[in-house]
Amino acid sequence: MIRASTRAGHEVVDALFGTFDLASAPSYGAMLLAHARALLPMEAWMAGGGVPLWEARGAALCEDLRTLGLAPPLVDALHWPSDEAAHWGTAYVLEGSRLGGAFIARQLPEGQPRAYLTRAHPPGHWQAFLAALDETASLRGTIWREDAITAAQRAFETFADAARFEAKS
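No experiment lies behind these values; they were computed from the predicted model shown.

Participant: Please set out the overall build of the protein chain residue by residue, giving values where relevant.
Facilitator: Helix and strand counts for the protein chain stand at 7 helices and 0 strands. Taken over the C-alpha atoms alone, the protein chain extends approximately 45 × 35 × 30 Å along its principal axes. For the protein chain, the accessible area works out to roughly 8400 Å², and carbon and sulfur atoms hold 56% of it. Side-chain charges in the protein chain split into 14 positive and 19 negative, and the spacing between the mean points of these groups amounts to 2 Å.

Participant: Lay out the packing of aromatic side chains in plain terms, naming residues and giving numbers.
Facilitator: A full pass over the atoms with the stated rule returns 6 aromatic pairs. When the centroid spacing of 5.8 Å and the interplanar angle of 35° are considered together, the rings of Tyr-92 and Trp-126 count as tilted. Taken as a pair, Tyr-92 in helix α5 (residues 84–107) and Trp-126 in helix α6 (residues 125–140) lie far apart in primary sequence, 34 residues in all. A single burial state applies to Tyr-92 and to Trp-126, both of which are buried. Counting every residue linked through ring pairs, the aromatic cluster contains Trp-88, Tyr-92, Trp-126 and Phe-129. Above the face of the Trp-80 ring, Arg-154 is positioned so that its terminal group lies 4.8 Å from the ring centre.

Participant: Please set out α5 residue by residue, giving values where relevant.
Facilitator: With 24 residues, α5 should reach 34 Å at 1.5 Å per residue; the first-to-last C-alpha distance of 35 Å fits that figure. With 17 of 24 residues buried, α5 lies mostly within the body of the structure. The N-cap of α5, judged by a side-chain oxygen 3.1 Å from the amide nitrogen of Ala-85 a few residues on, is Asp-83.

Participant: Just give me the short version of the nonpolar core, but keep the residues and values in it.
Facilitator: Phe-17, Met-31, Tyr-92, Leu-117, Phe-129 and Phe-159 are the most contacted members of the largest nonpolar core, which has 53 residues in total. Taken together, the elements giving at least two residues each to this core come down to α2 (7–17), α3 (25–46), α4 (58–67), α5, α6 and α7 (142–168). Excluding residues within four positions of it along the chain, Tyr-92 makes contact with Ile-2, Arg-3, Thr-6, Trp-126, Phe-129, Leu-130, Leu-133, Ala-152 and Phe-156.

Participant: How would you summarise the pattern of salt bridges if you had to cite specific residues and measurements?
Facilitator: Within this structure, the stated rule accounts for 6 salt bridges. A salt bridge links Arg-164 to Asp-161; the nearest nitrogen and oxygen atoms lie 3.1 Å apart. Here Asp-161 and Arg-164 lie together in helix α7, a separation of 3 residues that amounts to about one turn. Asp-161 sits in the partly exposed class, given a relative accessible area of 48%. Where salt bridges share partners, they join Glu-55, Glu-95, Arg-98 and Arg-119 into one cluster.

Participant: Quick one: what's the story with the packing of α5 against α6, residue by residue and with numbers?
Facilitator: Contact geometry of α5 with α6 gives a least axis separation of 11 Å together with a crossing angle of 160°. As the angle between them shows, α5 and α6 are arranged roughly antiparallel. Between α5 and α6 lies a crossing whose hand is left-handed. Of the residues in α6, those touching α5 at Glu-84, Trp-88, Ala-91, Tyr-92, Glu-95, Gly-96 and Leu-99 are His-125, Trp-126, Phe-129, Leu-130, Ala-132, Leu-133, Thr-136 and Arg-140. Here the residues of the contact of α5 with α6 are counted per class, giving 9 nonpolar, 3 polar and 3 charged.

Parameters and conventions
Residues numbered from 1 in each chain as written. Predicted model: local features only at pLDDT ≥ 70, side-chain atom pairs only at ≥ 80, totals over all residues. Heavy atoms only, no water. Helix = DSSP H or I, 4+ residues; strand = E, 2+ residues; numbered from the N terminus. Areas by Shrake-Rupley, 256 points an atom, 1.4 Å probe, with all protein chains shown as cover. Lys, Arg positive; Asp, Glu negative; His and termini not counted. Charge placed at Lys NZ, Arg CZ, Asp CG, Glu CD. Phe/Tyr/Trp six-rings, centres within 6.5 Å; stacked < 30°, edge-to-face > 60°. Buried < 20%, exposed > 50% of the residue type's maximum accessible area, 1.4 Å probe, protein only. Lys NZ or Arg CZ within 6 Å of the ring centre and 35° of its normal. Expected span 1.5 Å × (residues − 1). Polar contact = N/O pair within 3.5 Å; in protein donor to acceptor, adjacent residues only side chain to side chain. Core = buried A, V, L, I, M, F, W, Y, C linked by side-chain atoms within 4.5 Å. Contact = heavy atoms within 4.5 Å. Salt bridge = Lys/Arg side-chain N within 4 Å of Asp/Glu carboxyl O. Axes fitted to C-alpha atoms, helices over the stretch in contact; angles between N-to-C directions. Parallel < 35°, antiparallel > 145°, perpendicular 65-115°, else oblique. Left-handed = near helix turned anticlockwise from the far one by under 90°. Nonpolar A, V, L, I, M, F, W, Y, C, P; charged D, E, K, R; others polar.

If you want it as C-alpha cells, here you go:
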C-alpha cells in the first residue's frame, strides 16, 4: 500500500543521502546531522501516537553526533496533523529507515560511531510492523490509507529537505 505510493520519495531520499562520503568524518557527520534534522522532530511528534512496534532512536543518533564532536541541531516542533493514520505513515518511514541504516553501517570504516545506524530491527520486526500497518489500514478504510500515504510522503520530504540543507552547509 504505502510502499508503491511513496517509491519516488524514497528514491529521492536514497539518492540524496548517497552523496555523503561515509569514509570522511566531516561528511559522515553532515549525514548524521541531516538525519537529526528530520528524525528528532518527527520522533518528538510521534511520542504518544500509539503506533505499536515503533521505537525511537534519537538518543543513539545524538550519541553518535557527540562522539564526532557535533551538537545535535536545534529543530522546530512539527505541527502536522496528529491522527492515527499520520502517525502510522510517519512510523513507516522511520521504521523503514532502520533497514537502510543497517546497510549503511556495514559500509562504515572502523572508528566511525554507529550506535544510531546499528539500531536495526530484531528478526521479524519489520514484517510484523508491515502486517500491523496493513491490518490497521484494512480496518480503517480508504481515507485512512490516503492519510497514511500523505504522512509517509511528508516524512520522506522532510528527510530530503534535511539532506539538501546539510549538503549545502
